[in-house]
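Results of the structural survey
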Amino acid sequence: MTYAITQTCCNDATCVAVCPVNCIHPTPDEPDFGRTEMLYIDPKSCIDCGACADACPVDAVFPADSLPAGQELYAALNADFSERRAPRPAPEDGSTFHAWGAPSFTRSLPSDFGRIRVAVVGTGPAGMYAAEDLLLHTNAEVTLVDRLPVAGGLVRYGVAPDHPATKRIGDAFARFHTHPRVRMYLGVDVGTDVTAEELAAHHDAVVYAVGAATDRRLGVPGEDRPGSVPATSFVAWYNAHPEVAPDTIDLSATERVVVVGTGNVALDFARILVSDPETLAATDIADHALTALRASAVREVVLLARRGPEDASCTAPELLALGRLPGVRLVVDDHDPRVWTAVEAAAPHEKAALLGGAVRERVDWTEPPGPGRRIVFRFHSAPEEILDGAVRVTGDGGPATIPAGMVLRAVGYRGLPVAGLPFDDATGTVPHRGGRVEGRPGTYVVGWIKRGPSGGIGANRTCAAETVGTLLADAVDGALPVPTGTARAFDRLAHGRARTLVDARGLAAIERAERARGEESGRPRVKLGTLPELVAAARGRRRLLR
């Protein structure tokens, strides 16, 4: 028996570190690491030790002969990837275990290295990987700061609710919330409650991990019409983000939704809109979203792509899962001869080949959706204008007007300027060198605000390692500014400015309150969806939650 890695792989390579036979690829020191959609286990090298399954933070590794229902194909995907990689020479002595390289101590510091105080702004994966690196490899004190009164960032408010295994990476981060060298200040907005200059004055270094908080624009007429919804709003709505109202989305009056884009977020939207709501009832989806989905009239979701199926921006695991939704038909609009030609010509390991089992149909957009539920891919079609109740699209396959009560724009995220920091408007990032903000000694960036909105959760681990490495090199060189304020002074400042401040104890109280609410309805948790509810729970005022 061998093991196989499945859809929920986070790519952070924790499994690679524990594998005794080097059967998991790509490894962080291989050139294709970070460029593949997931990691893969070579069945010819695997010795069935199970170390990878024990270490995986998102439960993505299973014995190949007992994969969960619907994921049996991952055994073949792992094997196919391993076959296509360049063969590696066997050890000359014929041993099973691979030859280890020379030891590398990337976090080796001078014996007299003093304790530094580092503020990390943002408690999503990028910020927490940076905090983890600092706490595990140095004696640094870490101040965690977040604008919202609850931690988690992308894990809490970005991952789709029907991916509970992916959300488990949050448990790995949560162990640092109560670390003895960590102080937590949730509900503190840098730029409003405290300035960037004040934060820097009380710390040796500041790492900004604020992500990409807005959407890329389509740049077409009608983009801001009612019924045209950006991805950030829809994701926040079904994840109970406290800054998005429950009535932001109305699904009661439309049978068809058009989603612009074919990335993983677009596929999340399609999957959630047409799945049986009762399958979502066992997740942490927002209560108001579950209620809306139960009453939803949506029966068809159309995914628009400017290019062909060979260029779909989603990952193969997510596309594979989309074709296995119970009671949902997957359709490819056969309006352009190039579409099916690409599907038929695709090699087995290419994404387009995964559409070979879809229904091939020339969709008549003058007709309402047929019976049942379905997802339709329309490739080689770009939105030209968003109208009242429709989308006009163009492409080499001919123009069309697709009636739709809602348009979801899922064409990528974009960073916003950070108060007090330089900003590159063209890329939506903060200019940096190896994570060091140009012209701001002691200031660093990590995650999407550093590299742009690319890469999943695990990509932030490598990104954080680079930034923390740069920070520590600056500390060793004496290049960090000397703080003028103390940790105690910052504590007084934060408590005096932020009325909704929540600390680690308050965060634990929120966790208990949400899990208690979940137990009442057989769910893992029921999220508190407003700022007053979150703050009340943090302060133990349970009567305000009823």
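Described below are features of the structure shown in this document. (Residues numbered from 1 in each chain as written. Predicted model: local features only at pLDDT ≥ 70, side-chain atom pairs only at ≥ 80, totals over all residues. Heavy atoms only, no water.)

**Remarks on the sheet that holds strand β13 (residues 328–333)**
Put simply, the test is: Strand pairing is assigned whenever DSSP detects at least two bridges linking the two strands. For helices the rule is a DSSP run of H or I covering at least 4 residues; for strands it is a run of E covering at least 2, with both sets numbered from the N terminus onward. Structural elements are reduced to axes, namely lines fitted to C-alpha atoms, with helices fitted over the stretch in contact, and the angle between N-to-C directions of any two is expressed from 0 to 180 degrees.
In space, the seven strands of this open sheet follow the order β10-β19-β11-β12-β15-β13-β14, with parallel pairing throughout. Edge positions in the sheet fall to β10 (228–230) and β14 (359–361), since each has one partner strand and no second. Mean inter-strand twist for the sheet, computed between neighbouring axes without regard to direction, equals 25 degrees. Bridge analysis of β13 against β14 gives three bridges, and the strand direction is parallel. Across the sheet, the residue bridging to D333 is E361, located in β14.

**Details of the environment of A201**
For clarity, the threshold we go by: Contacts are residue-level and defined by heavy atoms, with any inter-residue pair within 4.5 Å sufficient.
Tracing the sequence through the fold places A201 in helix α8 (residues 196–201). Taking the C-alpha atoms as reference points, A201 and A172, separated by 29 residues in sequence, lie 30 Å from one another. In contact with A201, not counting residues within four places along its chain, are P483, T484 and G485.

**Some words on the packing of helix α4 (residues 125–137) against helix α16 (residues 459–476)**
So the rule is basically this: Between 65 and 115 degrees an angle is taken as roughly perpendicular, under 35 as roughly parallel, over 145 as roughly antiparallel, and anywhere else as oblique. Left-handed describes a crossing whose near helix is turned anticlockwise from the far helix through less than a right angle; right-handed describes the clockwise counterpart. Side-chain classes are defined by residue name, with Ala, Val, Leu, Ile, Met, Phe, Trp, Tyr, Cys and Pro counting as nonpolar, Asp, Glu, Lys and Arg as charged, and the others, Gly among them, as polar.
Direction vectors running N to C along α4 and α16 enclose 50 degrees, while the axes themselves pass 8 Å from each other. With respect to α16, the axis of α4 lies oblique. Pair α4 / α16 crosses with right-handed handedness. Every residue of α16 that contacts α4 at P125, A126, Y129, A130, D133 and L134 is listed here: N460, R461, A464, A465, V468 and L472. Tallied by class, residues from the contact of α4 with α16 come to nine nonpolar, one polar and two charged.

**A look at helix α18 (residues 504–521)**
This is how it is decided: Here the expected length of a helix is defined as 1.5 Å per residue gap, with one fewer gap than residues.
The first and last C-alpha atoms of α18 sit 27 Å apart over 18 residues, in line with the 26 Å expected at 1.5 Å per residue. Buried residues belonging to α18 abut α5 (154–157), β7 (182–186) and α19 (531–538). Looking one or two residues past α18, G522 carries a phi angle of roughly 70 degrees, positive in sign.

**Observations regarding the state of the cysteines**
Test applied: Note on terminology: disulfide denotes any pair of cysteine sulfur atoms within 2.5 Å. Only protein chains enter the accessibility calculation, which uses a 1.4 Å probe; a residue is then buried when its area is under 20% of its type maximum, exposed when over 50%, and partly exposed in between.
Throughout the structure, instances matching the rule amount to zero disulfides. Between C15, a free cysteine, and C9, which holds the nearest cysteine sulfur, the sulfur-to-sulfur gap is 6.4 Å. Take C56: it sits in no disulfide, and the sulfur closest to it among the cysteines is that of C10, at 6.1 Å. The exposure class assigned to C56 is buried, which follows from its relative accessible area of 13%.

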